[in-house]
Amino acid sequence: MNLLTILPLAVVMVAGTQLVVAVFLASSDRPRAASLGFLAGAGLVVAAGVTVAWLFTRLVGGVAADASAVAGKVDRGPVIDLVVLALLVCLAVLIWVRRDRSGPPRWLGSIEHAGPARALRLGALLFVATPTDDLTMATVGASVARHDLPWWHLVPFVLLTVFLLALPLLALLLLGSRASRVLIRMREWAEGHAWIVNEIVIAFFALLTVLDLVRSR
């Protein structure tokens, strides 16, 4: 495993309500300021979430390694792989259960006049309070730690997540008044088809985890 294998999970982080909110903010009264605030809040939470998962997995793995050494056993990797696989199954089931939820959340209308401070809080709270994002951050952090990769391997994942969220703002900056059509298509895709892409990405990462389990035997 390398840092490239975890990058597709960034799609799972943003596809859905998160991208819809980014589109709404790019169409608000203060699109640039609100979007930048939203990106800052989201980036901080994602960076913190994967870091906590990485640190926790390394801590628990270190303790387990010490205990297994005393008992004459050595490999803690398969245990972490099983935990990651369980997280992926939970994530896939959750996305499947929520797949029929269509239309934007009712509270989106209230962010039309959001400033950067409110958008920052929204970005932070949205990623903290979304179970699929919590599970994805835990999966990414645990996977990187399980393969003894340094912390900086998490940085490309965080940057890609923020970049995907920034696509509506980039469309606005590049296309100007013509961006409205692109933003509408982004929102419609996120509302109707994001769950399919999410399930494909999760299945791919689950396959990699299973292969790690097979190789460790």
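None of these values were measured; they are calculated from a predicted model.

Calculation criteria
- Residues numbered from 1 in each chain as written.
- Predicted model: local features only at pLDDT ≥ 70, side-chain atom pairs only at ≥ 80, totals over all residues.
- Heavy atoms only, no water.
- Helix = DSSP H or I, 4+ residues; strand = E, 2+ residues; numbered from the N terminus.
- Buried < 20%, exposed > 50% of the residue type's maximum accessible area, 1.4 Å probe, protein only.
- Contact = heavy atoms within 4.5 Å.
- Axes fitted to C-alpha atoms, helices over the stretch in contact; angles between N-to-C directions.
- Parallel < 35°, antiparallel > 145°, perpendicular 65-115°, else oblique.
- Nonpolar A, V, L, I, M, F, W, Y, C, P; charged D, E, K, R; others polar.
- 1 Å grid on protein atoms, 1.4 Å probe; cavity = no way out; pocket = protein on both sides within 12 Å on 5 of 7 lines; lining within 4 Å.
- Points joined across faces, edges and corners; volume = space filled by probe spheres on them.
- Core = buried A, V, L, I, M, F, W, Y, C linked by side-chain atoms within 4.5 Å.
- Patch = residues over 30% accessible without salt bridge, like charges linked within 9 Å, V, L, I, M, F, W, Y side chains within 5 Å.
- Areas by Shrake-Rupley, 256 points an atom, 1.4 Å probe, with all protein chains shown as cover.
- Salt bridge = Lys/Arg side-chain N within 4 Å of Asp/Glu carboxyl O.

1. Here's the deal with the overall build of the protein chain
Phase 1: When its secondary structure is counted, the protein chain shows 11 helices and zero strands.
Phase 2: Counted from the first residue to the last, the protein chain has its helices and strands arranged as α-α-α-α-α-α-α-α-α-α-α.
Phase 3: Here the protein chain, with 217 residues, has 46% of them falling under the buried criterion.
Phase 4: Partitioning the contacts of the protein chain with sequence separation of at least 6, the portion at a separation of at least 24 is 85%.

2. Structural notes on the packing of helix 6 (residues 116–129) against helix 7 (residues 131–146)
Phase 1: The interhelical angle for the contact between helix 6 and helix 7, taken along N-to-C directions, is 75°, at an axis separation of 5 Å. Classed by the angle they form, the pair helix 6 and helix 7 counts as roughly perpendicular. Between helix 6 and helix 7, the contacting residues are L126, F127, V128 and A129 on the first element and P131, D133, D134 and M137 on the second.
Phase 2: Of the residues that constitute the contact of helix 6 with helix 7, the class distribution is six nonpolar, no polar and two charged.

3. Looking at the environment of G16
Phase 1: One can find G16 in the loop between helix 2 (9–14) and helix 3 (17–26).
Phase 2: By relative accessible area, which is 13% here, G16 ends up buried.

4. Remarks on unusual backbone geometry
Phase 1: With phi around 55°, D148 is a residue other than glycine that occupies positive phi space.
Phase 2: Summarising the element assignment, D148 is placed in the loop between helix 7 and helix 8 (155–165).

5. Side note on helix 3
Phase 1: Taken across its 10 residues, helix 3 has eight buried, putting it largely inside the fold.
Phase 2: Three or more residues of helix 3 are buried, namely Q18, L19, V20, V21, A22, V23, L25 and A26.

6. With respect to empty space enclosed by the protein
Unoccupied space between atoms shows up once a probe the size of one water molecule is rolled over them.
Phase 1: By the definition in use, this model includes one cavity of 30 Å³ or more.
Phase 2: In this structure, the largest cavity is lined by A22, S35, F38, L39, L165, A166, P168 and L169.
Phase 3: Elements with a minimum of two residues in the lining of the largest cavity: helix 4 (31–71) and helix 9 (167–175).
Phase 4: Grouping the amino acids of the lining of the largest cavity by side-chain chemistry returns seven nonpolar, one polar and no charged.

7. Re the nonpolar core
Phase 1: One finds L25, F38 and F157 to be the most contacted residues of the largest nonpolar core, which totals 54 residues.
Phase 2: Apart from residues lying up to four places away in sequence, F38 is in contact with Q18, V21, A22, L25, A119, L120, L122, G123, L126 and L165.
Phase 3: One finds V23, A171, L183 and M186 within the second-largest nonpolar core, a separate group that totals five residues.

8. Description of the packing of helix 3 against helix 6
Pairs of packed helices are described in terms of their axes, by the angle between the two and the distance that separates them.
Phase 1: Close contact between helix 3 and helix 6 brings their axes to 11 Å; oriented N to C, the two are set at 170°. Relative to helix 6, the element helix 3 lies roughly antiparallel. Two secondary-structure elements touch here, helix 3 through T17, Q18, V21 and L25 and helix 6 through A119, L122, L126 and F127.
Phase 2: Broken down by class, the residue content of the contact of helix 3 with helix 6 amounts to six nonpolar, two polar and no charged.

9. Some remarks on a nonpolar patch on the surface
Phase 1: A cluster of nonpolar side chains, namely F163, L170, L173, L174 and L175, defines an oily patch on the protein surface of about 460 Å² accessible area.
Phase 2: Looking at the nonpolar patch, the element that brings in the most residues is helix 9, giving four residues.
Phase 3: Mapped onto the fold, L170 is located in helix 9.

In short, shape yes, function no, at least from these values alone.
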